[in-house]
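# Breakdown of the fold
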Number of protein chains: 2
Amino acid sequence: MPDIKHFDPEVALDQMVRLFWERGADVTGIAEVVQATGLSRSSLYATFGGKERLQAAALRRYLERCSRPVFDALAADGRGLPAIAGFFEQLVAARCAGERARWGCLVTNTHTSAAREVSEIRQVLDAHHAALRAAMRAALEAARDRGQVRPGLDLEAGAETLALLAYGVNLRSRAGARAADLLAGARAVLDGFTTTEER
Amino acid sequence: MPDIKHFDPEVALDQMVRLFWERGADVTGIAEVVQATGLSRSSLYATFGGKERLQAAALRRYLERCSRPVFDALAADGRGLPAIAGFFEQLVAARCAGERARWGCLVTNTHTSAAREVSEIRQVLDAHHAALRAAMRAALEAARDRGQVRPGLDLEAGAETLALLAYGVNLRSRAGARAADLLAGARAVLDGFTTTEER
DNA sequence: CTTATCTTGGACCGGTCGTTCCAGGATGGA
DNA sequence: TCCATCCTGGAACGACCGGTCCAAGATAAG
């Protein structure tokens, strides 16, 4: 029958994620995508559509491949507050050191992108927030069941707090914040959620 | 002697702040600045320099006119935790309602801009963070002196926490977060900082 | 009024933007 | 092998980008 694609769309998506994440989607031209993926404009447009669709597809893939696994692990981790502390330690380490230091988080970065008005992209932003908040909520519930949490803490509000904190960490890390500051900021929140006995 | 400027540079700056803030500096072209200010390219370049200089000047003006007064008021407010609570209530209200709803914060938005690498701009980002953190620190000290703060709270870390939280609020508000969620998130942090008696 | 100096409007520059298009190559069933 | 179908490379599109330039206008000291 017809010809078949000469490339793997998922591999191409991974390369686009990397590009949009490091450089910023708004300031990345199609020519750069062509160069990074090795594809031609034709293949790009035939497979994904225009630039907004490209950005949306890359964002979805980031959520599924980078965010979701971490969220799922956090939600499934039964240790309670130590799991949340570990989440932030891993986060700060990934944002401030290694190959992706100072890249921030693609979802966080997209919050300020012009494309945030596109409904396809806004939906991913909202889905990300809901998933992050749900994972935090699950970890807080485990903490409450283990008696680690101070009485009177609203778990829903606490989950929102931790999500907002993660956005703050991602944002500041892209501008070169020091890991120690970010870690101390996260620890102060968790200490405030802890029972006096456990603290 | 020579001719004199036919416009007020500060008024023009205010119009640029508004433009960059609402639309995003990266995706705003010089032509839009020309239209918004009513100036010609010549006057723009003669007065401010190229686009990065424009962006830096607008960012500095935002800090001085929008951020600094609020920070100063917070630092001077002796009420302690209620002052911080009031800060977040005002912040959420300004970000989620009124003329500038969903604009976020120009400084927060600039953290993900391509121009964050420009040293002139990075300096403003860092200055903003230092000022915000110092104001939070001052308010926390007042709270400690009034016995509102739980024993063992590291004020420096707590100030960083509150600053990160503010960035999170600004970021999420630009994507349309609900005011109630943001407020609840802020309140949970402050509750965690409060002594059991005051809570 | 003249003159020196600065500002202003707007044409213009090369380059890049996102997008479209088509000729030619590759594919696999008949 | 032939053919219908799809994919690919690359040229080309108009629009816009940030930046430069200069003639004409405005200004105020002499």
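In short, a report on the structure. (Residues numbered from 1 in each chain as written. Chains lettered and ligands numbered in written order. Predicted model: local features only at pLDDT ≥ 70, side-chain atom pairs only at ≥ 80, totals over all residues. Heavy atoms only, no water.)

## Quick notes on the overall build of chain A
- The number of helices and strands found in chain A is nine helices and zero strands.
- Moving toward the C terminus, one meets the helices and strands of chain A in the order α-α-α-α-α-α-α-α-α.
- Its C-alpha atoms give chain A principal-axis dimensions of about 70 × 35 × 30 Å.
- For chain A, the residues scored as buried account for 53% of the 199 residues in total.
- When contacts within chain A are restricted to residue pairs at least 6 apart in sequence, those whose partners lie at least 24 apart make up 72%.
- Surface accessibility of chain A: about 8,600 Å² in total, with carbon and sulfur atoms responsible for 51%. (Helix = DSSP H or I, 4+ residues; strand = E, 2+ residues; numbered from the N terminus. Buried < 20%, exposed > 50% of the residue type's maximum accessible area, 1.4 Å probe, protein only. Contact = heavy atoms within 4.5 Å. Areas by Shrake-Rupley, 256 points an atom, 1.4 Å probe, with all protein chains shown as cover.)

## Examining the relation of the copies chain A and chain B
- Superposing chain A onto chain B requires a rotation of 180 degrees together with a translation of 0.0 Å along the rotation axis, leaving an RMSD of 0.0 Å. In short, the pair behaves as if placed about a two-fold rotation axis. When each C-alpha of chain A is compared by its distance to the rotation axis, Gly192(A) comes out closest, at 1.9 Å.
- Of the interface residues in chain A, 100% have counterparts in chain B that sit at the interface too, so the contact is made through matching surfaces. (Least-squares fit on C-alpha atoms with pLDDT ≥ 70 in both.)

## Quick notes on the interface of chain A and chain B
- Contact with chain A, which involves 42 residues of that partner, is made by 42 residues of chain B.
- Surface buried jointly by chain A and chain B totals about 3,400 Å² across both partners, of which 59% is contributed by carbon and sulfur atoms.
- Taken together, the links from chain A to chain B amount to six salt bridges.
- Notably, a salt bridge pairs Arg172(A) with Asp126(B), separated by 3.7 Å at the nearest N-O pair.
- Summed over the shared surface of chain A and chain B, the number is seven residue pairs in polar contact (both at pLDDT 80 or more).
- Contributing elements (two or more residues each) for the side of chain A that touches chain B: helix H6 (106–110), helix H7 (119–145), helix H8 (155–174) and helix H9 (179–193) of chain A.
- Take the side of chain A that touches chain B: its biggest share by element is twelve residues, from H8(A).
- Its residues assigned to classes, the side of chain A that touches chain B shows 17 nonpolar, ten polar and 15 charged. (Buried area = accessible area lost by both parts, 1.4 Å probe. Salt bridge = Lys/Arg side-chain N within 4 Å of Asp/Glu carboxyl O. Polar contact = N/O pair within 3.5 Å; in protein donor to acceptor, adjacent residues only side chain to side chain. Nonpolar A, V, L, I, M, F, W, Y, C, P; charged D, E, K, R; others polar.)

## Let's talk about the pattern of salt bridges
- Across all of its chains, the model carries 40 salt bridges over all chains by this definition.
- Between Glu120(A) and Arg53(A) there is a salt bridge whose closest N-O contact spans 3.5 Å. Of this pair, Glu120(A) sits in helix H7 while Arg53(A) sits in helix H4 (residues 51–76), placing them 67 residues apart in sequence.
- Taking the shortest distance from any N to any O, the salt bridge between Asp145(A) and Arg144(A) comes out at 2.8 Å.
- Classification of Asp145(A) by relative accessible area gives exposed; the value is 60%.
- Linked through salt bridges whose partners overlap, the residues forming this network are Arg133(A), Arg137(A), Glu141(A), Glu156(A), Glu160(A), Arg178(B) and Asp181(B).

## Quick look at the side chain of Ser113(A)
All names here are of chain A.
- For Ser113, the position within the fold is in the loop between H6 and H7.
- Side-chain polar atoms of Ser113 contact the side chain of Asp26, separated by 3.1 Å.
- Among residues more than four places away in sequence, those in contact with Ser113 are Asp26 and Gln55.

## Concerning the packing of H4(A) against H7(A)
Residue and element names in this part refer to chain A.
- Across the interface, H4 lies against H7 with an axial gap of 10 Å and an inter-helix angle of 5 degrees. Here H4 is positioned roughly parallel relative to H7, judged by the angle of their axes. Touching Glu52, Arg53, Gln55, Ala56, Leu59, Arg60, Leu63, Ser67, Arg68, Phe71, Leu74 and Ala75 of H4 are Glu120, Ile121, Val124, Leu125, Ala127, His128, Ala131, Leu132, Ala135, Met136, Ala138 and Ala139, all from H7.
- Residues that form the contact of H4 with H7 fall into these classes: 16 nonpolar, three polar and five charged. (Axes fitted to C-alpha atoms, helices over the stretch in contact; angles between N-to-C directions. Parallel < 35°, antiparallel > 145°, perpendicular 65-115°, else oblique.)

## Thoughts on the environment of Thr47(A)
Residues and elements named next belong to chain A.
- Secondary-structure assignment places Thr47 in helix H3 (residues 41–48).
- Residues contacting Thr47, with those up to four places away along its chain left out, are Lys5, Phe7 and Pro9.
- Within polar-contact distance, the side chain of Thr47 engages the side chain of Lys5 at 3.4 Å.
- Engagement of the side chain of Thr47 in a polar contact is seen with the backbone oxygen of Ser43, the distance being 2.7 Å.

## Focus on unusual backbone geometry
- Of note in this structure, Arg102(A) is not a glycine but carries a positive phi near 70 degrees.
- Here Arg102(A) is to be found in the loop between helix H5 (81–96) and H6.

## Section: the nonpolar core
- Among the nonpolar cores identified, the biggest contains 72 residues, and Ile84(A), Phe88(A), Ile84(B) and Phe88(B) are the most heavily contacted of them.
- Beyond its immediate chain neighbours, meaning those up to four positions away, Phe88(A) contacts Met136(A), Leu162(A), Leu165(A), Ala166(A), Leu183(A) and Ala186(A). (Core = buried A, V, L, I, M, F, W, Y, C linked by side-chain atoms within 4.5 Å.)

## Side note on the state of the cysteines
Residues and elements named next belong to chain B.
- Using the criterion set out here, one finds zero disulfides over all chains in the structure.
- The closest cysteine sulfur to the non-disulfide-bonded Cys105 is located on Cys66, 8.6 Å from its own sulfur.
- Judged by its relative accessible area of 2%, Cys105 falls in the buried class. (Disulfide = S-S within 2.5 Å.)

## Structural notes on helix H9 (residues 179–193) of chain B
- Its 15 residues give H9(B) an end-to-end C-alpha distance of 22 Å, which sits within 8% of 21 Å, the value for a rise of 1.5 Å per residue.
- Taken residue by residue, H9(B) has Asp181(B), Leu182(B), Gly185(B), Ala186(B), Ala188(B), Val189(B), Leu190(B), Gly192(B) and Phe193(B) as its buried positions.
- Looking at the buried residues of H9(B), the elements they touch are H7, H8 and H9 of chain A together with helix H5 (81–96), helix H7 (119–145) and helix H8 (155–174) of chain B. (Expected span 1.5 Å × (residues − 1).)

## Considerations on the packing of helix H1 (residues 9–23) of chain A against H4(A)
Residues and elements named next belong to chain A.
- For the pair H1 and H4, interaxial distance at closest approach is 9 Å and the crossing angle is 95 degrees. Judged by the angle between their axes, H1 and H4 are roughly perpendicular. Each of Glu10, Leu13, Asp14, Met16, Val17, Phe20 and Trp21 in H1 lies in contact with H4, whose residues at this interface are Leu54, Gln55, Ala57, Ala58, Arg61, Tyr62, Arg65 and Cys66.
- Looking at side-chain class alone, the contact of H1 with H4 contains ten nonpolar, one polar and four charged residues.

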